[in-house]
Amino acid sequence: MTYEQIHQAYDTACDAPSGGSLHIQHMPHFLLTDPNDNNTGHVHTFYEIIWFHEDGGSHHVDFQDYPVRKNTFFFLAPGQVHHFDGQTLHKGTLIQFCTDFMRDERDSDDLLLKYDVFHAPGAPCCQVTDESVVEELRRLVELMETEIARGESVFGHDEMLRLLVRQFMILCYRHGNRPDTLQLDTLRPSHRLFIRFRQMVERDFMKKHAVGEYADALCVSVRTLTSSVSECSHATPLSLINNRIALEAKRLLRHGNLMVKEVATRLGYDDVSYFAKFFKRTTGVLPTVYQKGK
């Protein structure tokens, strides 16, 4: 799929590659047998956890190279551009599930968990997990594979898989080392507001560009929102909004096969010159220069 095709689809329900709601792959077998090119930038319509078991090589996510260390976990949300380095035969595990897999309409905290673990504006997409919990994580992967092998006709199949994946993500969150990142507490109002703001930015950044628009939608003052974001991320609401818009602009300019004017329109800018000034102010280069750098 091209980035443009993915962009139109990644916020909808989807299937993992197996045709089911959850799929587990293992490296290096996956890298050696997958028909797709995993060494050039690509995106998925599903969530993916990549667990590297050994040191070596790098992993490229959204225009940044990350060195691979033992027990590094990457949490990739739909639409993120990533690729392997093409030179390292990585050993690891990939856990892939569709966008609706962890969704529970009865419990909004499922969404809070998902957005605490997976990529969000101002949060890193990877972490190194403490060695003490590795065996427990391996056991959970084995239990997932056993349950997948039982088949969908078994009573409580999907519920069992959700429980196992939820346990996996909770352990990762508890024992992961993400430098300069505050561990969020969903019981604290300021932290819940920050999580809701991040969710809203991810959903609405193409049409809402001003902090006041988000504050109004969240039914709080700009001052309250600014205080919450500063407490949780040491950033401003505007910087998170602008960085998310700029990231999407980079993705579209490099992978979307679109003209700058089309990118500007896609991101909610009617004036292409205003968009160009915004992009240069945020990234340091004009969009035309950035696009030619591919």
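The structure this text deals with has already been given above.
Residues numbered from 1 in each chain as written. Predicted model: local features only at pLDDT ≥ 70, side-chain atom pairs only at ≥ 80, totals over all residues. Heavy atoms only, no water.

Visitor: Please give an account of helix α6 (residues 189-204) that cites residues and values.
Guide: Residues spaced three or four apart along an α-helix face the same direction, because each turn holds 3.6 residues. With 16 residues, α6 extends 22 Å from end C-alpha to end C-alpha; this agrees with the ideal 22 Å at 1.5 Å per step. The buried fraction of α6 is high, at twelve of 16 residues. Residues S190, H191, L193, F194, I195, F197, R198, Q199, M200, V201, E202 and D204 constitute the buried set of α6. (Helix = DSSP H or I, 4+ residues; strand = E, 2+ residues; numbered from the N terminus. Expected span 1.5 Å × (residues − 1). Buried < 20%, exposed > 50% of the residue type's maximum accessible area, 1.4 Å probe, protein only.)

Visitor: Kindly report on the sheet that holds strand β9 (residues 176-177), identifying the contributing residues and their values.
Guide: Taken in spatial order, the six strands line up as β1-β7-β2-β5-β8-β9 in an open sheet, and their pairing is antiparallel. With partners counted over all chains shown, the strands left at the sheet margins are β1 (22-27) and β9, one partner each. Sheet topology places β1 next to strand β7 (residues 92-97); six bridges connect them, and they run antiparallel. From the neighbouring strand, I24 faces β7, where its bridge partner is I95. (Pairing = 2+ DSSP bridges.)

Visitor: An account of the pairing of strand β3 (residues 58-61) is requested, with residue identities and associated values reported.
Guide: Here β3 runs beside strand β4 (residues 64-67); their pairing, made up of four bridges, is antiparallel. The residue bridging H59 from the neighbouring strand is Y66, located in β4. Counted along the chain from β3 to the antiparallel partner β4, the turn is two residues long, and its residue D62 has a positive phi close to 45°. Judged from the three bridges that link them, β3 and strand β6 (residues 82-84) form a sheet pairing that is antiparallel. From the neighbouring strand, H59 faces β6, where its bridge partner is F84.

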